[in-house]
Structures are given as structure tokens and as C-alpha cells.
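Structural overview for review
Residue-level listing of the chains:
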Amino acid sequence: GQNIDQPTEMTATEGAIVQINCTYQTSGFNGLFWYQQHAGEAPTFLSYNVLDGLEEKGRFSSFLSRSKGYSYLLLKELQMKDSASYLCAVRGASGYSTLTFGKGTMLLVSP
Amino acid sequence: EAGVTQFPSHSVIEKGQTVTLRCDPISGHDNLYWYRRVMGKEIKFLLHFVKESKQDESGMPNNRFLAERTGGTYSTLKVQPAELEDSGVYFCASSQKSNYGYTFGSGTRLTVV
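Residues numbered from 1 in each chain as written. Chains lettered and ligands numbered in written order. Predicted model: local features only at pLDDT ≥ 70, side-chain atom pairs only at ≥ 80, totals over all residues. Heavy atoms only, no water.

When helices and strands are tallied, chain A shows 0 helices and 11 strands. Walking chain A from its N terminus toward its C terminus, one meets helices and strands in the order β-β-β-β-β-β-β-β-β-β-β. The C-alpha radius of gyration computed for chain A amounts to 13 Å, which stays within 12% of the reference 13 Å derived for 111 residues, consistent with globular compactness. For chain A, the spread of C-alpha atoms along the principal axes amounts to about 45 × 30 × 20 Å. Expressed as a percentage of its 111 residues, the buried residues of chain A come to 47%. (Helix = DSSP H or I, 4+ residues; strand = E, 2+ residues; numbered from the N terminus. Rg over C-alpha atoms; globule rule 2.2 N^0.38 Å. Buried < 20%, exposed > 50% of the residue type's maximum accessible area, 1.4 Å probe, protein only.)

What follows is the structure, given as C-alpha cells:
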């Protein structure tokens with residue numbers, strides 16, 4: 001079966017650093033995605049990891065450990081506009097290109 | 001480049017009625033996906049088109065749901081007859097190749113009353 005867990009909510013302060021964790025158990029693995037979704041808008045692509053290690057892209061970084069079934073998204077220098085839902089999604093080898101999503105982590109950035 | 005377009009953005013219908021959702025993918029994207037998010041749950045896969053062919057429809061909940069992509073351009077998802085549990089946000093996404101990341105549309109929020 002497929003199971004992806006991430007915290008429901010997180011809060012942080014403007015300018016701070018926050019780490020959003022994601023653990024997964026899936027039948028097959030062909031990459032892990034992070035998406036950002038503001039209320040009422042489309043999920044937008046943030047990062048993709050298929051090999052172990054850290055991928056850095058500006059203020060956002062994503063880490064993957066395949067042996068532990070674990071990923072995190074790191075957001076630095078938080079801004080108010082970073083308040084959104086962050087979705088962890090895994091592409092399973094058996095599902096061609098189908099994504100299995102977690103429920104999302106709602107991040108609230110306060111002044 | 002225009003993004004993935006979905007309409008309507010909102011639809012409220014009565015139980016037993018029919019609703020048709022439309023998705024226009026990014027031009028040139030052969031792969032088109034439908035996903036759904038029911039309130040309180042995660043986004044779940046419904047089906048995947050490659051051009052006009054259904055590559056994978058394992059996520060379609062039952063035969064009240066019919067998806068088409070005639071001509072391999074836009075796609076429609078029809079729910080007939082709608083039930084209360086069909087309420088949710090229906091997302092469409094497209095990609096140029098199947099192993100690429102997706103671009104999502106903003107979704108259609110369907111409410112069945």
C-alpha cells in the first residue's frame with residue numbers, strides 16, 4: 001500500500017527557518033515531489049528528489065533518504081507569502097507517473 | 001505560455017444531477033491527469049491520459065465517472081448522477097512527458113447538495 005505522513009500544521013515567524021518532514025511507505029519509488037498550494041490556487045512545483053541528498057533552490061531546499069523513507073523541505077528567511085499548504089508526493093514505480101500525496105502541511109508565518 | 005485551465009471554478013449541483021468538468025492542458029502536453037481532493041483527505045489520483053488514450057484509470061471511483069479526451073487536446077470529466085460524496089476539488093494536471101513534473105490547474109470545486 002501507499003502511505004505518506006506529514007504534520008498537519010506548523011507555525012513559524014517571519015525571517016526564521018522551518019523544516020517540514022515527510023515520511024513515506026510506498027510500493028516502489030521513482031521520486032519525491034514537494035508542492036506549495038495557496039488557498040484556492042493550483043499546487044505549484046517546488047522541488048524533486050530521486051537520489052539521496054540535499055537539493056537547494058534559493059530559499060527552499062529538499063532532502064531525501066530513500067533507505068529511511070524520509071524527506072524534508074527546508075524554508076529559510078521565511079516571508080509572510082510563504083504561508084500556504086505544503087504537499088509531499090511520491091511517484092511510485094508501479095504507477096507509471098502517478099503521484100501519491102500526503103494530506104499536506106499548513107504553514108502559518110506570523111510577523 | 002498559458003497554464004492548465006479548468007472550468008468551471010465552482011459548481012453547485014443537486015444530488016442526482018449531471019456535471020461536466022473541463023480541463024485545457026498546456027499546449028503540446030501529451031499527458032493529462034485528473035486528481036481529486038475530498039475535504040479532509042489527501043489529493044488522490046483518478047486517471048491519466050496519454051494523448052487521447054487512457055493510460056491508467058485505476059483511480060476512478062465508480063462508473064458514474066466518465067473521462068474523455070477526444071482529439072488529445074482538452075479533457076472532460078462527467079459525473080452522472082452526482083452523489084453527495086462526490087463533493088470536493090477536482091484538479092487537472094499536464095506534463096510534456098510522463099516522467100516530468102506536472103503543472104496543475106487551479107481546480108474545480110464541486111459541491112453536491
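Cysteine pairs can be linked by a disulfide, which is a covalent bond between their two sulfur atoms. The tally for this structure, following the rule as stated, stands at 2 disulfides over all chains. A sulfur-sulfur separation of 2.0 Å characterises the disulfide bridge that pairs Cys22 of chain A with Cys88 of chain A. Handedness of the Cys22 of chain A-Cys88 of chain A disulfide follows from its S-S torsion of about -70°: it is left-handed. Of this pair, Cys22 of chain A sits in strand β3 (residues 18–25) while Cys88 of chain A sits in strand β9 (residues 84–91), and the two are 66 residues apart along the sequence. Among the residues examined, Cys22 of chain A registers a relative accessible area of 0% and is labelled buried. The residue that forms a disulfide with Cys23 of chain B is Cys92 of chain B, at a sulfur-sulfur distance of 1.9 Å. The S-S bond linking Cys23 of chain B to Cys92 of chain B shows a torsion near -65°; that makes this disulfide left-handed. With a gap of 69 residues between them, Cys23 of chain B in strand β3 (residues 19–24) and Cys92 of chain B in strand β9 (residues 88–95) connect regions that are remote in the sequence. Like Cys92 of chain B, Cys23 of chain B is buried. (Disulfide = S-S within 2.5 Å.)

Here we take up the packing of aromatic side chains. The final tally for this structure, using the stated rule, is 19 aromatic pairs over all chains. Centre to centre, the rings of Tyr35 of chain B and Phe45 of chain B are 5.6 Å apart; their planes meet at 70°, and the pair counts as edge-to-face. Here the residue Tyr35 of chain B occupies a position in strand β4 (residues 31–37), and Phe45 of chain B occupies one in strand β5 (residues 43–50), the gap between them amounting to 10 residues. Taken individually, Tyr35 of chain B and Phe45 of chain B each receive the classification buried, so the pair is uniform in this respect. What links up through ring pairs into an aromatic cluster is the set Phe33, Tyr35, Phe45, Tyr48 and Phe101 of chain A together with Tyr33, Tyr35, Phe45, Phe91, Tyr102 and Phe104 of chain B. Across from the ring centre of Tyr74 of chain B, 3.7 Å away, lies the NZ or CZ of Arg22 of chain B, which sits over that ring. (Phe/Tyr/Trp six-rings, centres within 6.5 Å; stacked < 30°, edge-to-face > 60°. Lys NZ or Arg CZ within 6 Å of the ring centre and 35° of its normal.)

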